Amino acid sequence: MSVIEIEKSDRILWITLCRPEAMNAIDRAMNAALWDAWRAFDADPSLDIAIITGSGSKAFCAGADLADYIPSWLQARMVDLRHNVGTGLGGITRGLHRIYKPVIGAINGWALAGGFELALACDIRVASSTARFGSFEIHRGFHHGDGGIVRLVTSLGLARTLELVLSGREMGADEAHRLGLVAEVVPPDQLKNAAEAYARKILRYDQNAVRSAKETILEVVGRSLDDALRLEALYGYSSGDVTEVRKRLDQFFASRPGRSDGDPPER
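Below or above, wherever it landed, is the structure these notes cover. The structure presented is a predicted model; accordingly, all values stated were derived computationally and were not measured.

Strand pairing in a sheet is mediated by backbone hydrogen bonds. Such pairs are either parallel or antiparallel. A sheet is described by the order of its strands in space; here four strands give the open sequence 4-6-8-9, paired in mixed fashion. Edge positions in the sheet fall to strand 4 (59–61) and strand 9 (170–172), since each of these pairs with one other strand and no more. Between one strand axis and the next, the sheet turns by 25 degrees as a mean value, whatever way the strands run. Bridge count between strand 6 (residues 110–112) and strand 8 (residues 132–134): three bridges; the pairing is parallel. Paired with Trp110 across the strands is Arg132, a residue of strand 8.

Here is the structure:
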(Lines give C-alpha, C1' and ligand atoms only; values in the text may rest on other atoms or scores of the structure.)
Protein backbone atom coordinates (compact mmCIF):
# COMPACT_ATOMS: atom_id res chain seq x y z
CA MET A 1 0.00 0.00 0.00
CA SER A 2 1.30 3.45 -0.94
CA VAL A 3 2.20 5.84 1.89
CA ILE A 4 0.37 8.63 0.05
CA GLU A 5 -2.61 8.58 -2.27
CA ILE A 6 -2.76 10.89 -5.29
CA GLU A 7 -6.00 11.90 -7.00
CA LYS A 8 -6.41 14.44 -9.80
CA SER A 9 -9.79 16.02 -10.45
CA ASP A 10 -10.50 19.04 -12.65
CA ARG A 11 -7.31 21.07 -11.98
CA ILE A 12 -7.15 19.99 -8.32
CA LEU A 13 -4.60 17.57 -6.88
CA TRP A 14 -5.62 15.69 -3.75
CA ILE A 15 -2.78 14.30 -1.62
CA THR A 16 -3.82 11.97 1.19
CA LEU A 17 -1.33 10.79 3.79
CA CYS A 18 -1.88 7.03 4.13
CA ARG A 19 -0.33 5.67 7.31
CA PRO A 20 -3.40 5.63 9.58
CA GLU A 21 -1.86 2.94 11.78
CA ALA A 22 0.85 5.50 12.69
CA MET A 23 -1.48 8.53 12.76
CA ASN A 24 -0.11 9.41 9.31
CA ALA A 25 3.33 10.15 10.74
CA ILE A 26 5.95 10.93 8.12
CA ASP A 27 8.60 8.24 7.79
CA ARG A 28 11.42 8.42 5.26
CA ALA A 29 9.35 6.68 2.59
CA MET A 30 6.46 9.11 2.97
CA ASN A 31 8.82 12.07 3.04
CA ALA A 32 10.35 10.99 -0.29
CA ALA A 33 6.90 10.38 -1.76
CA LEU A 34 5.73 13.85 -0.74
CA TRP A 35 8.76 15.46 -2.33
CA ASP A 36 8.03 13.63 -5.58
CA ALA A 37 4.34 14.57 -5.42
CA TRP A 38 4.98 18.28 -4.87
CA ARG A 39 7.55 18.42 -7.67
CA ALA A 40 5.12 16.71 -10.06
CA PHE A 41 2.31 19.07 -9.00
CA ASP A 42 4.47 22.12 -9.64
CA ALA A 43 5.44 20.88 -13.10
CA ASP A 44 1.97 19.72 -14.23
CA PRO A 45 0.21 22.41 -16.32
CA SER A 46 -3.15 20.69 -15.85
CA LEU A 47 -3.07 21.23 -12.07
CA ASP A 48 -3.57 24.60 -10.36
CA ILE A 49 -4.36 23.83 -6.70
CA ALA A 50 -3.44 21.06 -4.25
CA ILE A 51 -5.36 19.90 -1.20
CA ILE A 52 -3.58 17.76 1.38
CA THR A 53 -5.31 15.73 4.09
CA GLY A 54 -4.83 12.61 6.17
CA SER A 55 -6.49 9.22 5.90
CA GLY A 56 -8.94 8.20 8.58
CA SER A 57 -10.55 10.52 11.10
CA LYS A 58 -8.00 10.43 13.91
CA ALA A 59 -5.07 12.36 12.48
CA PHE A 60 -4.02 14.71 9.73
CA CYS A 61 -0.37 14.00 10.56
CA ALA A 62 1.34 13.20 13.86
CA GLY A 63 4.65 14.62 12.62
CA ALA A 64 7.94 12.91 11.87
CA ASP A 65 7.88 9.18 12.63
CA LEU A 66 9.61 8.74 15.99
CA ALA A 67 10.70 5.19 15.16
CA ASP A 68 12.04 5.87 11.66
CA TYR A 69 12.62 9.49 10.66
CA ILE A 70 13.87 10.96 13.94
CA PRO A 71 16.42 8.17 14.74
CA SER A 72 18.04 8.73 11.35
CA TRP A 73 19.00 12.24 12.48
CA LEU A 74 20.37 11.14 15.85
CA GLN A 75 23.26 9.55 13.97
CA ALA A 76 23.68 12.29 11.36
CA ARG A 77 26.98 13.88 10.40
CA MET A 78 27.48 17.65 10.32
CA VAL A 79 27.38 17.60 6.51
CA ASP A 80 24.01 15.80 6.67
CA LEU A 81 22.61 18.57 8.85
CA ARG A 82 23.88 21.22 6.45
CA HIS A 83 22.28 19.40 3.50
CA ASN A 84 18.99 19.22 5.40
CA VAL A 85 18.74 23.02 5.43
CA GLY A 86 17.37 22.81 1.89
CA THR A 87 15.20 19.72 2.35
CA GLY A 88 12.49 20.22 4.94
CA LEU A 89 10.05 17.58 6.18
CA GLY A 90 7.28 16.96 3.67
CA GLY A 91 8.75 19.24 1.01
CA ILE A 92 6.59 22.34 1.32
CA THR A 93 7.81 23.17 4.83
CA ARG A 94 11.22 24.06 3.40
CA GLY A 95 12.82 23.46 0.03
CA LEU A 96 9.62 23.37 -2.04
CA HIS A 97 7.95 26.23 -0.17
CA ARG A 98 8.31 28.42 -3.28
CA ILE A 99 5.68 26.54 -5.24
CA TYR A 100 3.37 29.40 -6.17
CA LYS A 101 0.33 27.26 -6.92
CA PRO A 102 -1.99 27.43 -3.87
CA VAL A 103 -1.98 24.61 -1.33
CA ILE A 104 -4.95 23.98 0.96
CA GLY A 105 -4.76 21.88 4.12
CA ALA A 106 -7.84 19.87 5.08
CA ILE A 107 -7.01 19.16 8.71
CA ASN A 108 -9.03 16.14 9.75
CA GLY A 109 -7.61 15.31 13.18
CA TRP A 110 -4.36 15.64 15.11
CA ALA A 111 -1.74 17.90 13.51
CA LEU A 112 1.21 17.50 15.82
CA ALA A 113 4.87 18.55 15.73
CA GLY A 114 6.00 18.12 12.12
CA GLY A 115 2.35 17.57 11.18
CA PHE A 116 1.59 21.00 12.63
CA GLU A 117 4.47 22.36 10.55
CA LEU A 118 3.07 20.69 7.42
CA ALA A 119 -0.31 22.27 8.10
CA LEU A 120 1.27 25.69 8.68
CA ALA A 121 3.07 25.39 5.34
CA CYS A 122 -0.31 25.26 3.56
CA ASP A 123 -1.65 28.56 2.28
CA ILE A 124 -5.19 28.02 3.58
CA ARG A 125 -6.25 25.64 6.33
CA VAL A 126 -9.76 24.27 6.81
CA ALA A 127 -10.22 22.19 9.94
CA SER A 128 -12.61 19.56 11.12
CA SER A 129 -14.19 20.42 14.46
CA THR A 130 -12.27 17.45 15.85
CA ALA A 131 -8.87 18.75 14.71
CA ARG A 132 -6.18 19.34 17.33
CA PHE A 133 -2.86 21.12 16.94
CA GLY A 134 0.31 21.07 19.02
CA SER A 135 4.03 21.83 19.07
CA PHE A 136 4.77 18.48 20.70
CA GLU A 137 8.49 18.23 19.85
CA ILE A 138 9.31 19.83 23.20
CA HIS A 139 7.94 16.67 24.87
CA ARG A 140 10.64 14.63 23.07
CA GLY A 141 13.63 16.82 23.90
CA PHE A 142 13.83 19.09 20.84
CA HIS A 143 11.71 21.72 19.06
CA HIS A 144 10.38 22.69 15.62
CA GLY A 145 12.99 22.65 12.88
CA ASP A 146 10.86 22.63 9.73
CA GLY A 147 9.25 26.04 9.71
CA GLY A 148 6.96 25.76 12.71
CA ILE A 149 8.54 28.53 14.77
CA VAL A 150 9.11 30.78 11.74
CA ARG A 151 5.51 30.51 10.54
CA LEU A 152 3.99 30.78 14.01
CA VAL A 153 5.96 33.97 14.73
CA THR A 154 4.90 35.41 11.38
CA SER A 155 1.26 34.48 11.94
CA LEU A 156 0.80 34.97 15.69
CA GLY A 157 3.67 37.11 16.95
CA LEU A 158 6.33 36.48 19.55
CA ALA A 159 4.34 36.13 22.77
CA ARG A 160 1.76 33.64 21.52
CA THR A 161 4.42 31.56 19.75
CA LEU A 162 6.51 31.36 22.91
CA GLU A 163 3.47 30.24 24.91
CA LEU A 164 2.47 27.52 22.44
CA VAL A 165 5.94 26.14 21.74
CA LEU A 166 7.34 26.26 25.28
CA SER A 167 4.21 24.82 26.91
CA GLY A 168 3.83 22.08 24.31
CA ARG A 169 0.09 22.18 24.91
CA GLU A 170 -2.58 21.12 22.48
CA MET A 171 -4.92 23.58 20.78
CA GLY A 172 -8.39 22.83 19.48
CA ALA A 173 -9.82 23.81 16.12
CA ASP A 174 -11.90 26.66 17.55
CA GLU A 175 -8.88 28.26 19.22
CA ALA A 176 -6.85 27.87 16.03
CA HIS A 177 -9.67 29.62 14.20
CA ARG A 178 -9.79 32.47 16.73
CA LEU A 179 -6.04 32.93 16.34
CA GLY A 180 -6.33 33.05 12.56
CA LEU A 181 -4.42 29.83 11.88
CA VAL A 182 -7.54 28.19 10.46
CA ALA A 183 -9.85 29.82 7.91
CA GLU A 184 -12.91 27.75 8.77
CA VAL A 185 -14.02 24.99 11.14
CA VAL A 186 -16.61 22.53 9.84
CA PRO A 187 -18.14 19.22 10.94
CA PRO A 188 -15.96 16.23 10.02
CA ASP A 189 -18.28 15.04 7.25
CA GLN A 190 -18.12 18.45 5.55
CA LEU A 191 -14.33 18.90 5.59
CA LYS A 192 -13.50 17.75 2.07
CA ASN A 193 -16.36 19.72 0.56
CA ALA A 194 -15.29 22.84 2.45
CA ALA A 195 -11.68 22.51 1.32
CA GLU A 196 -12.77 21.96 -2.27
CA ALA A 197 -15.08 24.99 -2.07
CA TYR A 198 -12.04 27.18 -1.34
CA ALA A 199 -10.23 25.58 -4.26
CA ARG A 200 -13.16 26.16 -6.63
CA LYS A 201 -13.36 29.79 -5.56
CA ILE A 202 -9.67 30.33 -6.33
CA LEU A 203 -9.97 28.49 -9.66
CA ARG A 204 -12.45 31.13 -10.88
CA TYR A 205 -9.61 33.64 -11.07
CA ASP A 206 -6.74 34.01 -13.49
CA GLN A 207 -4.02 31.74 -12.16
CA ASN A 208 -1.24 34.10 -13.23
CA ALA A 209 -2.63 36.64 -10.79
CA VAL A 210 -3.20 34.01 -8.08
CA ARG A 211 0.38 32.75 -8.26
CA SER A 212 1.82 36.25 -8.40
CA ALA A 213 -0.20 37.16 -5.30
CA LYS A 214 1.23 34.19 -3.39
CA GLU A 215 4.75 35.00 -4.60
CA THR A 216 4.36 38.64 -3.55
CA ILE A 217 3.10 37.73 -0.08
CA LEU A 218 6.05 35.40 0.47
CA GLU A 219 8.50 38.00 -0.83
CA VAL A 220 7.35 40.92 1.34
CA VAL A 221 7.44 39.05 4.66
CA GLY A 222 10.24 40.40 6.83
CA ARG A 223 11.26 43.22 4.51
CA SER A 224 11.39 46.90 5.35
CA LEU A 225 8.29 48.94 4.48
CA ASP A 226 9.94 50.65 1.52
CA ASP A 227 11.29 47.40 0.06
CA ALA A 228 7.94 45.67 0.54
CA LEU A 229 6.04 48.50 -1.16
CA ARG A 230 8.43 48.48 -4.10
CA LEU A 231 8.04 44.73 -4.57
CA GLU A 232 4.27 44.86 -4.27
CA ALA A 233 4.11 47.60 -6.91
CA LEU A 234 6.45 45.72 -9.23
CA TYR A 235 4.68 42.38 -8.86
CA GLY A 236 1.15 43.77 -8.69
CA TYR A 237 1.36 45.85 -11.86
CA SER A 238 2.87 42.91 -13.74
CA SER A 239 0.76 40.17 -12.16
CA GLY A 240 -1.80 39.53 -14.89
CA ASP A 241 -1.86 38.63 -18.55
CA VAL A 242 -2.95 41.76 -20.44
CA THR A 243 -5.36 39.84 -22.68
CA GLU A 244 -6.96 38.16 -19.66
CA VAL A 245 -7.30 41.45 -17.77
CA ARG A 246 -8.96 43.13 -20.76
CA LYS A 247 -11.37 40.21 -21.17
CA ARG A 248 -12.35 40.31 -17.52
CA LEU A 249 -12.82 44.10 -17.60
CA ASP A 250 -15.04 43.77 -20.68
CA GLN A 251 -17.10 41.11 -18.88
CA PHE A 252 -17.39 43.34 -15.82
CA PHE A 253 -18.67 46.38 -17.72
CA ALA A 254 -20.98 44.27 -19.88
CA SER A 255 -22.62 42.91 -16.72
CA ARG A 256 -23.48 46.37 -15.34
CA PRO A 257 -25.18 48.43 -18.09
CA GLY A 258 -26.38 51.82 -16.90
CA ARG A 259 -24.41 51.69 -13.64
CA SER A 260 -22.13 54.55 -12.72
CA ASP A 261 -18.56 54.17 -11.46
CA GLY A 262 -19.74 55.28 -8.04
CA ASP A 263 -22.16 52.38 -7.62
CA PRO A 264 -21.24 49.54 -5.26
CA PRO A 265 -19.38 46.73 -7.05
CA GLU A 266 -21.14 43.54 -8.07
CA ARG A 267 -19.59 40.14 -7.44
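Resuming the write-up.
Overall, mixed pairing links the six strands, which are arranged 1-2-3-5-7-10 in an open sheet. Each edge of the open sheet carries a strand with a single partner, namely strand 1 (4–9) and strand 10 (184–186). In this sheet, adjacent strand axes meet at a mean angle of 20 degrees when their direction is disregarded. Two elements, strand 5 (residues 103–107) and strand 7 (residues 124–128), share four bridges in a ladder whose sense is parallel. Within the sheet, the bridge partner assigned to Ile104 lies in strand 7 and is Ile124.

Its 14 residues give helix 9 (residues 207–220) an end-to-end C-alpha distance of 20 Å, which sits within 8% of 20 Å, the value for a rise of 1.5 Å per residue. Residues Gln207, Val210, Ser212, Lys214, Thr216 and Glu219 constitute the buried set of helix 9. Here the buried face of helix 9 lies against strand 5, helix 8 (191–203) and helix 10 (225–236). Phi for Gly222, located one or two positions after helix 9, is positive at around 85 degrees.

A word on the nonpolar core. By size, the foremost hydrophobic cluster in this structure holds 46 residues, and its most contacted members are Leu34, Trp38, Ile52 and Phe133. For this core, the leading source of residues is helix 1 (residues 28–43), giving seven residues. Beyond its immediate chain neighbours, meaning those up to four positions away, Phe133 contacts Ile107, Ala111, Leu112, Phe116, Ala127, Arg169, Glu170, Met171, Gly172, Ala173, Ala176 and Val182. Within the second largest apolar cluster, 15 residues are counted, among which are Ile51, Ile104, Ala199 and Val210.

The next subject is the layout of surface pockets. One simple way to see leftover space: roll a probe sized like a water molecule over the atoms. Of the pockets and cavities examined, the largest pocket occupies roughly 940 Å³. Around the largest pocket, the lining comprises 33 residues; the ones closest to its centre are Ala121, Asp123, Arg151, Ile217 and Leu218. Among the elements of the structure, strand 7, helix 5 (148–156) and helix 9 are those that each provide at least two residues to the lining of the largest pocket. When the residues that make up the lining of the largest pocket are grouped by side-chain class, the tally is 19 nonpolar, seven polar and seven charged. Space inside the second largest pocket adds up to approximately 590 Å³. Taken together, 26 residues make up the lining of the second largest pocket; nearest its centre are Ala64, Leu66, Ile70, Glu137 and Phe142. Contributions of two or more residues to the lining of the second largest pocket are made by helix 2 (69–74), helix 3 (78–84) and helix 4 (114–120). Grouping the constituent residues of the lining of the second largest pocket by class yields 15 nonpolar, six polar and five charged.

Each value, and the rule that gives it
- Residues numbered from 1 in each chain as written.
- Predicted model: local features only at pLDDT ≥ 70, side-chain atom pairs only at ≥ 80, totals over all residues.
- Heavy atoms only, no water.
- Pairing = 2+ DSSP bridges.
- Helix = DSSP H or I, 4+ residues; strand = E, 2+ residues; numbered from the N terminus.
- Axes fitted to C-alpha atoms, helices over the stretch in contact; angles between N-to-C directions.
- Expected span 1.5 Å × (residues − 1).
- Buried < 20%, exposed > 50% of the residue type's maximum accessible area, 1.4 Å probe, protein only.
- Contact = heavy atoms within 4.5 Å.
- Core = buried A, V, L, I, M, F, W, Y, C linked by side-chain atoms within 4.5 Å.
- 1 Å grid on protein atoms, 1.4 Å probe; cavity = no way out; pocket = protein on both sides within 12 Å on 5 of 7 lines; lining within 4 Å.
- Points joined across faces, edges and corners; volume = space filled by probe spheres on them.
- Nonpolar A, V, L, I, M, F, W, Y, C, P; charged D, E, K, R; others polar.

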